[in-house]
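Descriptive structure summary
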Amino acid sequence: MCELFGISAQNEFAANDYLNVFFAHSDFHPHGWGLACVSRHSALIEKESVKAADSHYLRERLSQPVSEKLLLAHIRYATIGNVEYKNCHPFTGKDCTGRRWTLIHNGTIFDYPALYPFLKAQKGDTDSERVFLYLLDRLNEATRQNGARLHFEERFRLLDEIICDMAKGNKLNLLFTDGKYLYAHTNCRGTLHRLEKNNAVIVATQPLSDENWQPAPFCQLLAFTKGKLIKMGTEHRHAYIHSEEEMKLLYRIFANL
């Protein structure tokens, strides 16, 4: 479907070598690319609805140093949603406290009624954007009920609850950040890996070098900051396994049947 890439580092981390390998996979994921360089209060989003390997802009961008403490990258294989700029990842926006969130997704939401209200609110037509809008909405609702900003433990507990529930029957590989913490989740075995190096953690759909990449913890929300894994959520056991019926459903959706 898609591929994900993320970095959380204590200091600025030179990402070009890994990004060059990552974006070279676009021959198999040709429907768009995206890059987010994230700081505490902002996110520089660059994306196009063209194959990364064919992008003159991206080639020029990667000819210059890309060194960041927090970074997300995505290459898209469209399953739900047309091949358009508005459907390219990352998705970004602010919660009601002004905290900026940025998200990329690899997967498919086959059935999750809580996302239906966001069909009209979204700019594009992907399930990934609906996931992002739903997360923001739940964070805003919890903040209003709390009467004050949520601290990290409260945010993590809420996100963990959402992810555990949404993972049931759906493929939910996510990387997202609030400008300080990098959150990661996979419930599809073998589709997310991590590498710890030079006070940084690199997370990617598949290993991007001959270094000591390890499978990311499975069916469990993770939180990293400054290159360290600091929090692990509930082991929910809602593993996603490809099925023929679900693939037929995707073909029907993609063919607008």
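Structure shown above.
In this report, we go over the structure that sits alongside the text. Bear in mind the structure is a predicted one, so any value in this text is a computation, not a measurement. (Residues numbered from 1 in each chain as written. Predicted model: local features only at pLDDT ≥ 70, side-chain atom pairs only at ≥ 80, totals over all residues. Heavy atoms only, no water.)

Concerning the sheet that holds strand S3 (residues 43-48)
Pairing is antiparallel across the open sheet formed by seven strands, whose spatial order is S3-S2-S4-S1-S10-S9-S11. Two strands in the sheet have a free side with no partner beyond their single neighbour: S3 and strand S11 (214-215). Contacting strand S1 (3-14), strand S2 (33-38), strand S4 (67-75), strand S9 (193-197) and strand S10 (200-204), helix H1 (residues 16-24) crosses the sheet at an angle of about 5° to S4. (Pairing = 2+ DSSP bridges. Helix = DSSP H or I, 4+ residues; strand = E, 2+ residues; numbered from the N terminus. Contact = heavy atoms within 4.5 Å. Axes fitted to C-alpha atoms, helices over the stretch in contact; angles between N-to-C directions.)

Structural notes on the packing of helix H3 (residues 127-146) against helix H4 (residues 152-166)
The contact between H3 and H4 brings their axes to 11 Å, and the two run at 140°. By the angle class used here, H3 and H4 are oblique. Read as a crossing pair, H3 and H4 show a hand that is right-handed. Counting all contacts with H3, which are made through Val-131, Tyr-134, Leu-135, Arg-138, Leu-139, Ala-142 and Asn-146, the residues of H4 involved are Glu-154, Arg-155, Leu-158, Leu-159, Glu-161, Ile-162 and Met-166. Its residues placed into classes, the contact of H3 with H4 shows nine nonpolar, one polar and four charged. (Parallel < 35°, antiparallel > 145°, perpendicular 65-115°, else oblique. Left-handed = near helix turned anticlockwise from the far one by under 90°. Nonpolar A, V, L, I, M, F, W, Y, C, P; charged D, E, K, R; others polar.)

Examining the sheet that holds strand S12 (residues 222-225)
Taken in spatial order, the six strands make up an open sheet running S5-S6-S7-S8-S12-S13, and their pairing is antiparallel. Strands with a single pairing partner mark the edges of an open sheet, and in this sheet they are strand S5 (91-94) and strand S13 (228-232). In this sheet, neighbouring strand axes are inclined to one another by 25° on average, regardless of whether the strands run parallel or antiparallel. Bridge count between S12 and S13: four bridges; the pairing is antiparallel. Counterpart to Leu-222 in the pairing with S13 is Met-232. Along the sheet face, H3 touches S5, strand S6 (100-108) and strand S7 (171-177) and points at about 135° away from the line of S6.

Regarding H4
When the terminal C-alpha atoms of H4 are compared, their 21 Å separation across 15 residues agrees well with the 21 Å that a helix rising 1.5 Å per residue should span. Burial of H4 is extensive: eleven of the 15 residues sit out of reach of the surface. All of the buried residues along H4 are Phe-152, Glu-154, Arg-155, Phe-156, Leu-158, Leu-159, Asp-160, Ile-162, Ile-163, Cys-164 and Met-166. Turning to H4, the residues buried within the fold contact S6, H3, S7, strand S8 (182-185), S12 and S13. (Expected span 1.5 Å × (residues − 1). Buried < 20%, exposed > 50% of the residue type's maximum accessible area, 1.4 Å probe, protein only.)

Notes on the pairing of S10
Along a regular strand, successive side chains alternate from one face of the sheet to the other. Most of S10 is tucked away: five of the five residues are buried. Of the two faces of S10, the one carrying Ala-200, Ile-202 and Ala-204 and the one carrying Val-201 and Val-203 are both buried. As paired strands, S1 and S10 are joined by five bridges and run antiparallel to one another. Note on S10: the bridge partner recorded for Ala-9 is Ala-200. Note: S9 against S10, five bridges, orientation antiparallel.

Considering the packing of aromatic side chains
Considering all chains together, one arrives at 16 aromatic pairs under this definition. Ring centres of Phe-5 and Phe-22 lie 5.6 Å apart, and the angle between their planes is 40°; on these two criteria the pair is classed as tilted. On the criterion of sequence distance, the pair formed by Phe-5 in strand S1 and Phe-22 in helix H1 is long-range, its members being 17 residues apart. Considered together, Phe-5 and Phe-22 belong to a single accessibility category, that of buried residues. Here Phe-152 and Tyr-181 contribute two aromatic rings whose centre-to-centre distance is 4.2 Å and whose plane-to-plane angle is 25°, an arrangement assigned as stacked. Linking Phe-152 in helix H4 with Tyr-181 in the loop between S7 and S8, this pair joins segments that are 29 residues apart in sequence. Assessed through its relative accessible area of 13%, Phe-152 is described here as buried. On the basis of relative accessibility, which here comes to 10%, the residue Tyr-181 falls in the buried class. An aromatic cluster is built from Trp-101, Phe-152, Phe-156, Phe-176, Tyr-181 and Tyr-183, whose rings are joined through pairwise contacts. Positioned above the aromatic ring of Tyr-85, the side-chain terminus of Lys-47 is 5.4 Å from the ring centre. Just above the ring of Phe-218 sits the side chain of Arg-189; from NZ or CZ to the centre is 4.0 Å. (Phe/Tyr/Trp six-rings, centres within 6.5 Å; stacked < 30°, edge-to-face > 60°. Lys NZ or Arg CZ within 6 Å of the ring centre and 35° of its normal.)

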